[in-house]
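For reference, the chains in residue letters:
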Amino acid sequence: MKYQAVLGSKALPGVGQITVPFPIPDSEYDHIIGMMENMSIGSPTVQDCWVLELDSPYPILNRLVSQCVNVDELDYLAKRLDSFSEGENIKFEAMASKLHLSDIKDFINLTFCCQRATVIIDFSNLDQAGKKHSLTVNGGSMPSDEYDQVDGRAVALDLIQSGTGVVTPYGVVYDNGMKLEQIYDGRHFPAYLCEMPQMMIEIKSGPKDKTTGCLYLPCSDKQIQRTLERAGIGPEGYRMEITMDELPPQVSAVVSVTRDGLDDLNALCRVIEPLDTEQREKLGAAVLLAQPTYASEVRQLAESLDQFDFVPKPSNPDADCAITDLGYVSYHGSLTLEALMMDDPAEQYRQEQGMGGI
């Protein structure tokens, strides 16, 4: 469930207002952040965005109005809430009401644990309420035969008679022993996949090699810069670790955070993201043929897929062709494969033409 907020500067009320949709669309991220920077708000680390209005399907979030918050916290909270089911959003609001939460850090942390609570809205169907409660206290899943055997009415009556329920505008909520854990520390966002990226990278820094940030590639340059700043990257630098990727396996085998820079990995993911299944398989075969070493070389191959033919079985092989595990792939471009994989193939072509004319 998405929302939008009207934001301004409490310190500089004369700079105007901006209406921001959350989660911020990737295609609009740089533009929106740029507009906020022109208003002297939108810091990666400071709570400098004054919430003037909030249009949200979650009435409980209106408690943020008149507060100063961080734009990335608003964005992260929106991504967490956007993945909720109908039952989860009711639990979130009911527990936020029970705990009297109004701070955005607490709202974010609640998204990680509110699922453990039980909320009864309809007391006319105790059998269903009891079965849902049993499912909740069993971690959200049960064998179907055990679930069918649950006496929902009896379970619900026991829960109601326990006297632990708290009446909220969202229903009667039972916390089932849930504690509000500090998973989000107010600076470093826990890893979370809102949408499946091409690659997820953990940023590790400090003497204990602690994860201080996560990048979901491809993303904009501003997102990279802000994530590193929020991670508190110091002069000692940082280490990257690829924790998952959706790249063709032949590409995954090539890329490495020890050889490839963050910008090169991001550029590669940006080129691969729009490729369909057939194009990804073709790229995998081209990688097996060309044997690239760096992410930048794979990117050049991906940008030049129209210069490759790929079929399941060999047909009239020529000099630049090979049978790979994926099938038969041939290259018919004007440059050599080595030149094609360079960052500036056109320059290499000019050099080859010049040498040929000597």
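See above for the structure.
Residues numbered from 1 in each chain as written. Predicted model: local features only at pLDDT ≥ 70, side-chain atom pairs only at ≥ 80, totals over all residues. Heavy atoms only, no water.

**Student:** What's the story with the overall build of the protein in this structure? I'm lost.
**Tutor:** Broken down by element type, the protein carries 14 helices and 13 strands. In terms of C-alpha radius of gyration, the protein reaches 27 Å, well past the compact-globule figure of 21 Å for 358 residues. In terms of its C-alpha atoms, the protein occupies a principal-axis envelope of roughly 95 × 60 × 40 Å. By residue count, 46% of the 358 residues in the protein fall in the buried class. For the protein, long-range pairs separated by at least 24 residues make up 64% of all intrachain contacts whose partners lie at least 6 apart in sequence. In the form shown here, the protein has an accessible surface area of approximately 17,900 Å², with 49% of it arising from carbon and sulfur atoms. (Helix = DSSP H or I, 4+ residues; strand = E, 2+ residues; numbered from the N terminus. Rg over C-alpha atoms; globule rule 2.2 N^0.38 Å. Buried < 20%, exposed > 50% of the residue type's maximum accessible area, 1.4 Å probe, protein only. Contact = heavy atoms within 4.5 Å. Areas by Shrake-Rupley, 256 points an atom, 1.4 Å probe, with all protein chains shown as cover.)

**Student:** Can you help me understand the layout of surface pockets in this one?
**Tutor:** Empty space among the atoms can be located by rolling a probe the size of a water molecule over them. Empty space within the largest pocket amounts to approximately 920 Å³. What lines the largest pocket is a set of 36 residues, and nearest its centre among them are D26, D75, K79, Y216 and Q223. Here the element with the most residues in the lining of the largest pocket is strand 9 (residues 210-217); it accounts for six residues. The residue makeup of the lining of the largest pocket, split by class, is 18 nonpolar, six polar and twelve charged. Each pocket or cavity is described by its volume, and for the second largest pocket that value is around 530 Å³. (1 Å grid on protein atoms, 1.4 Å probe; cavity = no way out; pocket = protein on both sides within 12 Å on 5 of 7 lines; lining within 4 Å. Points joined across faces, edges and corners; volume = space filled by probe spheres on them. Nonpolar A, V, L, I, M, F, W, Y, C, P; charged D, E, K, R; others polar.)

**Student:** It is not clear to me how the environment of L81 should be interpreted in this structure. Could you clarify?
**Tutor:** Secondary-structure assignment places L81 in helix 2 (residues 71-82). Taking the C-alpha atoms as reference points, L81 and P23, separated by 58 residues in sequence, lie 9.6 Å from one another.

**Student:** Just to check I follow, could you spell out the sheet that holds strand 10 (residues 239-245) for this structure?
**Tutor:** The strands making up a sheet associate through backbone hydrogen bonding, with each pair oriented either parallel or antiparallel. As summarised here, the arrangement of the three strands in space is 9-8-10, forming an open sheet in which the pairing is antiparallel. Because the sheet does not close on itself, it has two edges, and the strands there are strand 9 and strand 10. Ignoring strand direction, the axes of neighbouring strands in this sheet form an average angle of 25°. Here strand 8 (residues 199-205) pairs with strand 9 via seven bridges, running antiparallel. Paired with K204 across the strands is T211, a residue of strand 9. Sitting on the sheet, helix 10 (residues 262-272) is in contact with strand 8, strand 9 and strand 10, with an inclination near 35° to strand 9. (Pairing = 2+ DSSP bridges. Axes fitted to C-alpha atoms, helices over the stretch in contact; angles between N-to-C directions.)

**Student:** Would you mind going over the packing of aromatic side chains with me for this structure?
**Tutor:** Within a pair of aromatic rings, the relevant descriptors are the distance that separates the centres and the angle that separates the planes. Within the structure shown, the criterion is met by eight aromatic pairs. Their ring planes at 15° and their centres at 5.0 Å tell us that Y184 and F189 sit as a pair that is stacked. Both residues of the pair, Y184 and F189, belong to the buried class. Among the aromatic side chains, those forming a connected cluster through ring pairs are Y58, F84, F92 and F107. Here the basic side chain of R80 rests over the ring of F112, its NZ or CZ set 3.8 Å away from the ring centre. (Phe/Tyr/Trp six-rings, centres within 6.5 Å; stacked < 30°, edge-to-face > 60°. Lys NZ or Arg CZ within 6 Å of the ring centre and 35° of its normal.)

**Student:** I'm lost on the sheet that holds strand 4 (residues 68-69) in this one. Help?
**Tutor:** The antiparallel open sheet is built from four strands, whose spatial order is 2-1-3-4. Across the chains shown, the open sheet's two edge strands, defined by having one partner strand only, are strand 2 (18-22) and strand 4. Pairing of strand 1 (residues 3-8) with strand 3 (residues 49-55) involves five bridges; the strand directions are antiparallel. Opposite Q4, over in strand 3, you have D55 as the bridge partner.

**Student:** How should the side chain of T111 be read in this particular structure?
**Tutor:** Relative to the elements of secondary structure, T111 occurs in the loop between helix 4 (104-110) and strand 5 (118-120). On the basis of relative accessibility, which here comes to 0%, the residue T111 falls in the buried class. Apart from the residues within four sequence positions on either side, T111 is in contact with L77, R80, L81, F84 and F92.

**Student:** Sorry if this is basic, but what is going on with helix 8 (residues 221-230) here?
**Tutor:** Quick reminder: α-helices carry 3.6 residues per turn. Residues three or four places apart thus point the same way. Buried within helix 8 we find Q223, I224, R226, T227, L228 and R230. In this structure, the buried residues of helix 8 make contact with helix 1 (29-38), helix 2, strand 8, strand 9 and helix 10. After helix 8 finishes, the residue G232 shows a positive phi value of roughly 70°.

**Student:** Please explain helix 12 (residues 295-303) as it appears in this structure.
**Tutor:** Among the nine residues of helix 12, eight are classified as buried, and the element is accordingly described as predominantly covered. For helix 12, the complete set of buried residues consists of A295, S296, E297, V298, R299, Q300, L301 and A302.

**Student:** Got a minute to help me understand the packing of helix 11 (residues 277-290) against helix 12 in this structure?
**Tutor:** Pairs of packed helices are described in terms of their axes, by the angle between the two and the distance that separates them. Remark: helix 11 packs on helix 12, axes separated minimally by 10 Å, with the N-to-C direction vectors making an angle of 125°. Compared by their axis directions, helix 11 and helix 12 come out oblique. Classified by chirality, the crossing of helix 12 by helix 11 is right-handed. Two secondary-structure elements touch here, helix 11 through L283, A286, V287 and A290 and helix 12 through V298, L301 and A302. Across the contact of helix 11 with helix 12, the residue classes tally to seven nonpolar, no polar and no charged. (Parallel < 35°, antiparallel > 145°, perpendicular 65-115°, else oblique. Left-handed = near helix turned anticlockwise from the far one by under 90°.)

**Student:** Would you take a moment to explain the pattern of salt bridges for this structure?
**Tutor:** Where charged atoms of side chains with opposite charge meet at close range, the side chains can pair. Throughout the structure, instances matching the rule amount to twelve salt bridges. Residue K222 pairs with E37 through a salt bridge whose shortest N-O separation is 3.2 Å. One end of the pair, K222, is in helix 8; the other, E37, is in helix 1, and 185 residues separate them in sequence. Close ionic contact of E73 with R230 constitutes a salt bridge, the shortest N to O distance being 3.8 Å. (Salt bridge = Lys/Arg side-chain N within 4 Å of Asp/Glu carboxyl O.)

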